[in-house]
Amino acid sequence: MSADTSPIRIRRRGLMLVLSSPSGAGKSTIARNLLETDPGLELSVSVTTRPRRGSEIDGVHYHFQTQREFDRLRDSDALLEWAEVHGNCYATPREPAEAALVDGRDMLFDIDWQGAAQLREKMPVDIVSIFILPPSMRELRERLKRRAEDQDAVIDARLKNARDEIEHWRDYDYVVINDDLDRSFAEVRSIVTAERLRRDRRPGLFDFVSGLLDEKAG
Ligand code: ADP
Ligand code: 5GP
């Protein structure tokens, strides 16, 4: 179990921070900012059968696998959840996520609504879920084009799927509209800070408070 980041260290459970959004809304950008500024948060690196983009590194952004290897992992129960998104398979490896929970480390999951639903069912207490919305569909298209890492046909498929993904916004604990990036980032950080302070995640408070009550005020 990890300790709080405040100077007084209180034992607490780790949390599983799930970020979902339609493709292009800015979820990976927000996730990257969070990971760079919060050393207490680590990324769950997914397995995918999607081709690697030019900017991506195998083992850092994803574990890129063949369909055959993906099927083998799924059939051997090595995946905590899996889903087909835009015609490719994506999954969360089981072992690193379960180990993080046991150690009380916080983990970030950049996964779609289908994966979020599976994790919510398996680990309802540990999941904190945030849905990122674009400010408009027009801006979503612009961001997908600006990212310029996918072919036009792929962008069209992602826009078509965006509506289906957005339909699931109600299943999430929090919703952030990613208009101004700095503000969205600050909002997500506030959510993480507040969730870390939840009483039921901090069993160490029992010892802390009994120590307080035993202490002579002087
Ligand atoms: P996702 O992970 O949701 O598919 P990305 O994080 O890759 O989306 O963002 C898509 C594109 O939009 C990227 O080029 C990113 O730099 C840009 N972007 C992200 N957030 C904003 C924002 N608030 N305003 C303008 N552009 C943004
Ligand atoms: P991309 O191809 O743009 O990296 O991701 C496409 C979609 O797949 C995004 O919505 C992303 O969140 C989702 N995704 C990435 N990894 C996983 C995963 O492990 N499981 C599930 N269910 N979805 C994932």
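Heads up: the structure comes first, above all this text.
What counts and how
- Here the residue numbers are simple positions, counted from 1 along each chain's written sequence.
- Whichever chain is written first is A, and whichever ligand is written first is 1; the rest continue in order.
- Per-residue local features of the predicted model are confined to residues with pLDDT of at least 70, and side-chain atom pairs are confined, for both listing and counting, to 80 or more; whole-chain, interface and lining totals are unaffected and use all residues.
- The side-chain figures draw on all heavy atoms in the structure; neither hydrogens nor water molecules are used.
- Each patch is built from residues that are more than 30% exposed by relative accessible area and take part in no salt bridge. Like charges join if they lie within 9 Å; nonpolar side chains (Val, Leu, Ile, Met, Phe, Trp, Tyr) join within 5 Å.
- Note on areas: Shrake-Rupley with a 1.4 Å probe; residue coverage comes only from the protein chains shown.
- Note on definitions: salt bridges are taken to be side-chain nitrogens of Lys or Arg within 4 Å of carboxyl oxygens of Asp or Glu.
- Each helix is a run of DSSP H or I of at least 4 residues and each strand a run of E of at least 2, with the numbering of both proceeding from the N terminus.
- When accessible area is computed with a 1.4 Å probe and restricted to protein chains, residues below 20% of their type maximum are described as buried, those above 50% as exposed, and intermediate ones as partly exposed.
- Definition of nonpolar core: a set of buried residues of the types Ala, Val, Leu, Ile, Met, Phe, Trp, Tyr and Cys, connected through side-chain atoms within 4.5 Å.
- A strand pair is defined by DSSP finding two or more bridges across the two strands.
- Between the N-to-C directions of two axes lies an angle of 0 to 180 degrees, each axis being a line fitted to C-alpha atoms and, for a helix, fitted only over the stretch in contact.
- In this scheme Phe, Tyr and Trp rings, the latter by its six-membered ring, pair at centre separations within 6.5 Å, and the angle between planes marks the pair as stacked below 30 degrees, edge-to-face above 60, and tilted otherwise.
- Note on criteria: charge over ring means Lys NZ or Arg CZ within 6 Å of the ring centre, with the direction from the centre no more than 35 degrees off the ring normal.
- Proximity is defined per residue: any heavy atom of the residue falling within 4 Å of a molecule or strand makes that residue near it.
- Each polar contact in these results corresponds to two N or O atoms within 3.5 Å; when the atoms are within protein, one needs to be able to donate a hydrogen and the other to accept it, and residues that are neighboring in sequence are counted only if both atoms are side-chain atoms.
- Residue classes follow a fixed rule: Ala, Val, Leu, Ile, Met, Phe, Trp, Tyr, Cys and Pro count as nonpolar, while Asp, Glu, Lys and Arg count as charged, and any other residue, Gly among them, counts as polar.

> Can you tell me about a nonpolar patch on the surface, naming the residues and giving the values?
On the surface, a cluster of nonpolar side chains totalling about 470 Å² of accessible area is made up of Ile-8, Phe-208, Val-209, Leu-212 and Leu-213. Assignment of secondary structure puts Phe-208 in helix H8 (residues 204–214). The exposure class of Phe-208 is partly exposed, given its relative accessible area of 33%.

> Go over the nonpolar core, please, and point to the residues and values.
Counting residues in each nonpolar core, the largest one holds 22 residues, and the members touching the most others are Leu-17, Leu-19, Leu-34, Leu-108, Ile-130, Ile-132 and Val-188. Elements that contribute at least two residues to this core include exactly strand S3 (16–20), helix H1 (27–37), strand S10 (127–133), helix H5 (137–147), helix H6 (152–166) and helix H7 (181–196). Here the element with the most residues in this core is H7; it accounts for 4 residues. The next biggest cluster of nonpolar side chains, apart from the first, holds 15 residues, and it includes Ala-100, Leu-119, Met-123 and Ile-127.

> Please give an account of the sheet that holds strand S5 (residues 46–48) that cites residues and values.
Strand order in the open sheet formed by 4 strands is S6-S5-S8-S7, with mixed pairing between adjacent strands. Whereas interior strands pair on both sides, the edge strands pair on one side only; in this sheet they are strand S6 (62–64) and strand S7 (79–85). Sheet twist, expressed as the mean angle between neighbouring strand axes with direction ignored, is 25°. With 6 bridges joining them, S7 and strand S8 (residues 88–93) adopt antiparallel strand pairing. If you follow Glu-84 over to S8, its bridge partner there is Cys-89.

> Now, about the packing of aromatic side chains: what can you tell me, with residues and values included?
Here the distance between the centres and the angle between the planes together describe a pair of aromatic rings. The final tally for this structure, using the stated rule, is 4 aromatic pairs. Their ring planes at 55° and their centres at 5.8 Å tell us that Tyr-62 and Tyr-90 sit as a pair that is tilted. Here Tyr-90 lies in strand S8 and Tyr-62 lies in strand S6, a separation of 28 residues in the sequence. Members of the aromatic cluster, each reached through a chain of ring pairs, are Tyr-62, Phe-64 and Tyr-90. The lysine or arginine in question, Arg-74, covers the ring of Trp-82, its NZ or CZ lying 4.9 Å from the ring centre.

> Lay out the site of ligand 2 in plain terms, naming residues and giving numbers.
Around ligand 2, 17 residues are found, and the nearest of them are Ser-46, Arg-50, Tyr-62, Glu-81 and Tyr-90. Take Ala-91: an N or O atom from its main chain is 3.0 Å from an oxygen atom of ligand 2. Between ligand 2 and the protein, one listed contact pairs an oxygen atom with a side-chain N or O atom of Asp-110 at 2.8 Å. Elements that contribute at least two residues to the shell around ligand 2 include exactly S7 and S8. Class assignment of the residues belonging to the shell around ligand 2 gives a composition of 6 nonpolar, 4 polar and 7 charged.

> I'd like a description of the pairing of S3, backed by residues and values.
Where burial is concerned, most of S3 is hidden: 5 out of the 5 residues are buried. Covered by surrounding structure in S3 are Met-16, Val-18 and Ser-20 together with Leu-17 and Leu-19, the residues of both alternating faces. Pairing of S3 with strand S9 (residues 106–110) involves 4 bridges; the strand directions are parallel. The partner of Leu-19 across the bridge, within S9, is Asp-110. Pairing between S3 and S10: 5 bridges, direction parallel. Following the sheet pairing, Ser-20 is matched in S10 by Phe-131.

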